[in-house]
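Structure assessment
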Amino acid sequence: MWDEFETALADRLGRLRPDEFLVLSWREHPELFVQFLADRDGLIAECAGPAEAGGPANLDSGQQSRLVQLGWGAPDKRLGFPNYRTDWAANRPPVNTAGGATTDDFRAVASLTTRTFRDVLGVPSPAQIEAEAGK
């Protein structure tokens, strides 16, 4: 199940055009989400941050530590970043369908997302993840 989710997500991320977004959330707990925004330079991904940082999620300290260990940048309320964040443009080729991103880039983002939902947030099945996309 999760392998298929990860493969499909990598494919979907590879088709995002600049200024398009994709939000994935757990149906039973929509405050637990991972969202993506493509721009000319890359792909920005965010995971729901903890309430104490101004984010929407009620994450315990173990979950917060695991998110950072996976590679998410910690929220910084002072800088206006209430969510965990990673920028796939830094030191990488442009991530868009016209640019030079490789399939491995999208697989890495999809893997991070899969591990976040499954291993940290505790989503039992990818069938419980809803998607919203737009521009």
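Look up: the structure comes first, before these words.
To start, this report covers the structure provided alongside it. Keep in mind that what you see is a predicted model, and the values were worked out from it rather than measured. (Residues numbered from 1 in each chain as written. Predicted model: local features only at pLDDT ≥ 70, side-chain atom pairs only at ≥ 80, totals over all residues. Heavy atoms only, no water.)

This part is about the packing of aromatic side chains. Two aromatic rings are characterised by how far apart their centres lie and by the angle between their planes. Going through the model one piece at a time under the given rule, you end up with one aromatic pair. Ring geometry for Trp2 against Phe5: centres 5.5 Å apart, planes inclined by 85 degrees, an arrangement best described as edge-to-face. You can see Trp2 and its partner Phe5 sitting in helix H1 (residues 2-14), three residues apart, about one turn around the helix. Since its relative accessible area comes to 10%, Trp2 is described here as buried. (Phe/Tyr/Trp six-rings, centres within 6.5 Å; stacked < 30°, edge-to-face > 60°. Helix = DSSP H or I, 4+ residues; strand = E, 2+ residues; numbered from the N terminus. Buried < 20%, exposed > 50% of the residue type's maximum accessible area, 1.4 Å probe, protein only.)

This part is about H1. Along its 13 residues, H1 runs 18 Å from first to last C-alpha, staying within 8% of the 18 Å computed at 1.5 Å per residue. What H1 keeps buried is the set Trp2, Phe5, Leu9, Ala10, Leu13 and Gly14. Along the axis of H1, the buried residues cluster in a sector spanning 160 degrees; they form a single face. Opposite its buried face, H1 presents the exposed residues Asp3, Glu4 and Thr7, each directed more than 90 degrees away. At its buried positions, H1 is contacted by strand S1 (21-26), strand S2 (29-38), strand S3 (43-47), helix H3 (103-120) and strand S5 (129-134). (Expected span 1.5 Å × (residues − 1). Arc of directions from axis to C-beta. Contact = heavy atoms within 4.5 Å.)

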